[in-house]
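# Summary of the model geometry
Okay, here's what each chain looks like letter by letter:
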Amino acid sequence: MTSSKDHWHEDAACRSADPDELFADSTGQNRAKAVCTGCLVRTECLAEALDNRVEWGVWGGMTERERRALLRRRPNVASWRQVLESVRGEQEQPRAS
């Protein structure tokens, strides 16, 4: 896996996928989201789409409609990358018994 956060796309599960599948209409979006399942850079991908207000396609396992809804619920987030990495860090910490 690439170590630089700026080159996350090189490790994306969708890198070899047909781009038309990732920018599918509503009926094909579940298939596109399935490509994101288990992707090693899903967080970086989603943060990129949210931080840059990408309007089309499935990014980080979320459709454009899901991302718009999230942005409406949390309009004051300055860096989605920080938010998502913080949540990922909390989830990766061992839980106390």
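Read on for an overview of the structure. Predicted, not measured: the structure shown is a model, and the values here were computed from it. For every chain, the first residue of the written sequence is number 1, and numbering continues from 1 onward in sequence order. Selection of residues for local features in this predicted model requires a pLDDT of at least 70, selection of side-chain atom pairs for listing and counting requires 80 or more, and totals for whole chains, interfaces and linings are taken over all residues. Values shown for side chains rest on all heavy atoms present in the structure; no hydrogens or waters enter the calculation.

Now for unusual backbone geometry. Its identity as a non-glycine residue notwithstanding, R53 has a phi of 50°, on the positive side. Segments assigned H or I by DSSP are reported as helices when at least four residues long, segments assigned E as strands when at least two residues long, and all are numbered from the N terminus. Tracing the backbone through its elements, the reader meets R53 in the loop between helix 3 (42-51) and helix 4 (64-73). Note on R53: relative accessible area 42%, which makes it partly exposed. For the exposure calls, accessible area comes from a 1.4 Å probe over protein chains only, and a residue counts as buried if that area is under 20% of its type's maximum, exposed if over 50%, partly exposed in between.

Candidate patch residues must exceed 30% relative accessible area and have no salt bridge, after which like charges are joined if within 9 Å and Val, Leu, Ile, Met, Phe, Trp or Tyr side chains if within 5 Å. Computed with the Shrake-Rupley method and a 1.4 Å probe, the accessible areas treat only the protein chains shown as cover for residues. A side-chain nitrogen of Lys or Arg and a carboxyl oxygen of Asp or Glu constitute a salt bridge if their distance falls within 4 Å. Under the convention used here, Asp and Glu are negative, Lys and Arg are positive, and both His and the chain ends fall outside the count. Every charge is mapped to an atom, namely NZ of Lys, CZ of Arg, CG of Asp or CD of Glu. Together, R65, R68, R72 and R73 line one region of the surface with positive charge. Inspection of the secondary structure assignment puts R65 in helix 4.

Residue position: A78 is located in the loop between helix 4 and helix 5 (80-92). For the pair formed by A78 and E10, sequence separation is 68 residues and the distance between their alpha carbons is 25 Å.

Helices that pack against each other are described as a pair by the angle of their axes relative to one another and the distance between those axes. Axes here mean lines fitted to C-alpha atoms, for a helix over just the part in contact, with angles spanning 0 to 180 degrees between N-to-C directions. Packing of helix 3 against helix 5 brings their axes to within 8 Å, and their N-to-C directions diverge by 150°. In terms of axis orientation, helix 3 runs roughly antiparallel to helix 5. The two elements helix 3 and helix 5 meet at a crossing, and its hand is right-handed. Contact with helix 3, carried on its side by T43, E44, L46, A47, L50 and D51, involves W80, R81, L84, E85 and R88 of helix 5 and no other residues of that element. Each angle is binned into one of four classes, with values under 35 degrees roughly parallel, values over 145 roughly antiparallel, values of 65 to 115 roughly perpendicular, and all other values oblique. Note on convention: near helix rotated counterclockwise from far helix by under a right angle means a left-handed crossing. Clockwise means right-handed. Contacts between residues were defined by any pair of non-hydrogen atoms, one from each residue, lying within 4.5 Å.

Topologically, Q29 is positioned in helix 2 (residues 29-36). Classification of Q29 as buried rests on a relative accessible area of 12%. Setting aside anything within four residues of it in sequence, one finds Q29 in contact with A24, V58, T63 and E64.

Moving on, we come to the side chain of E64. Structurally, E64 can be placed in helix 4. For E64, which is buried and forms no salt bridge, the nearest opposite charge comes from R67, at a distance of 4.7 Å. Any pair of nitrogen or oxygen atoms within 3.5 Å is treated as a polar contact; in protein, a donor-acceptor pairing is required on top of that, and neighbouring residues in sequence qualify only through side-chain atoms on both sides. Only 3.2 Å separates the side chain of E64 from the side chain of Q29, close enough to count as a polar contact. If we skip the residues at most four places from it in the chain, E64 touches Q29, E55, W56 and G57.

Keep in mind these numbers describe shape, not what the thing actually does.
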